[in-house]
Amino acid sequence: MKKVVILGCENTHATTFLKLMKKSVFKNMKVVGAYSDDGVSAQKLNERFGIKVMKTFDEAVEEADGVIITARHGDKHFKYALPYIKEGKVMFIDKPITIKEDEAVLLAKKLKANNVMVTGGSSCKHLKFIQELKKQHQNVVGGKTISGFIRTPIMMNSPHGEFFFYGQHAVDMALEIYGSDIIKVRAIQNEDSVTAILMYKDFNVTLN
């Protein structure tokens with residue numbers, strides 16, 4: 001039985017994960033604790049699923065085999081992950097991975113240094129039509145890619161981490177389909193609309 005903790009449970013993602021864990025494929029996983037900075041969210045999981053409410057986010061470092069980090073505000077993800085990374089715990093980090101560039105770089109370095117298996121970000125990259133577009137691009141179906149276009153919602157002033165809160169959806173889908181070898185990025189904001197051009201060697205991808 002693998003023991004897992006949920007850190008940050010202010011949104012519906014934590015509830016969704018707990019429902020999924022009831023299915024047979026995840027029955028070898030047991031959630032041994034939940035933590036939220038507001039306290040109330042973890043208590044709701046306790047009342048609905050019987051999950052233990054943790055007093056601090058790092059109290060299960062020795063007990064847990066894995067960590068699900070799904071705080072609504074991405075600025076909390078780095079601090080939640082750090083003590084578990086040091087112990088080599090596997091983890092899922094929800095989107096956005098973080099909202100600070102220096103933290104993202106440091107997080108990647110620490111994950112690599114401690115050989116931590118990690119996944120996360122936007123789940124949109126796993127959608128069937130995204131995977132189909134990826135195959136078409138890689139296999140040059142219909143001819144060589146000359147451009148791409150992705151449109152997603154965005155909240156520039158989201159109280160949950162500004163544009164990072166939704167921004168990762170568009171970025172993750174673009175990287176999944178077209179790869180990460182981007183040469184340059186240009187972005188223009190017009191009121192609530194943002195257009196970003198990802199410049200690859202042989203084509204451009206527009207995120208709107």
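The model shown is predicted, which means the values in this text are computed figures rather than measured ones.

How each quantity is defined
Residues numbered from 1 in each chain as written. Predicted model: local features only at pLDDT ≥ 70, side-chain atom pairs only at ≥ 80, totals over all residues. Heavy atoms only, no water. Helix = DSSP H or I, 4+ residues; strand = E, 2+ residues; numbered from the N terminus. Rg over C-alpha atoms; globule rule 2.2 N^0.38 Å. Buried < 20%, exposed > 50% of the residue type's maximum accessible area, 1.4 Å probe, protein only. Contact = heavy atoms within 4.5 Å. Phe/Tyr/Trp six-rings, centres within 6.5 Å; stacked < 30°, edge-to-face > 60°. Salt bridge = Lys/Arg side-chain N within 4 Å of Asp/Glu carboxyl O.

**Focus: the overall build of the chain**
Then, number 1: Scanning the chain from terminus to terminus reveals 6 helices and 9 strands.
Then, number 2: A compact globule built from 208 residues should have a C-alpha radius of gyration of about 17 Å, and the chain, at 19 Å, falls within 12% of that.
Then, number 3: Its C-alpha atoms give the chain principal-axis dimensions of about 55 × 35 × 35 Å.
Then, number 4: Here the chain holds 208 residues, and 40% of them are scored as buried.
Then, number 5: A sequence separation of at least 24 residues applies to 65% of the contacts in the chain between residues at least 6 apart.

**Some thoughts on the packing of aromatic side chains**
Then, number 1: All chains considered together, the criterion is met by 9 aromatic pairs.
Then, number 2: Both rings, one in Tyr178 and one in Phe203, keep their centres 5.7 Å apart while their planes meet at 50°; by these two values the pair is tilted. Taken together, the residues span a long stretch of sequence, with Tyr178 in helix 6 (residues 164-178) and Phe203 in the loop between strand 8 (193-199) and strand 9 (204-207) at a distance of 25 residues.
Then, number 3: With relative accessibility at 11%, the residue Phe203 sits in the buried group.

**Here's the deal with the pattern of salt bridges**
Then, number 1: In this structure the tally under the stated criterion is 7 salt bridges.
Then, number 2: Between Asp202 and Lys144 there is a salt bridge whose closest N-O contact spans 4.0 Å. Taken as a pair, Asp202 in the loop between strand 8 and strand 9 and Lys144 in the loop between helix 5 (128-138) and strand 6 (147-150) lie far apart in primary sequence, 58 residues in all.
Then, number 3: Taking the relative accessible area as the measure of exposure, Asp202 reaches 48% and is therefore partly exposed.
Then, number 4: Linked by salt bridges that have partners in common, Asp37, Lys76 and Lys79 make up one network.

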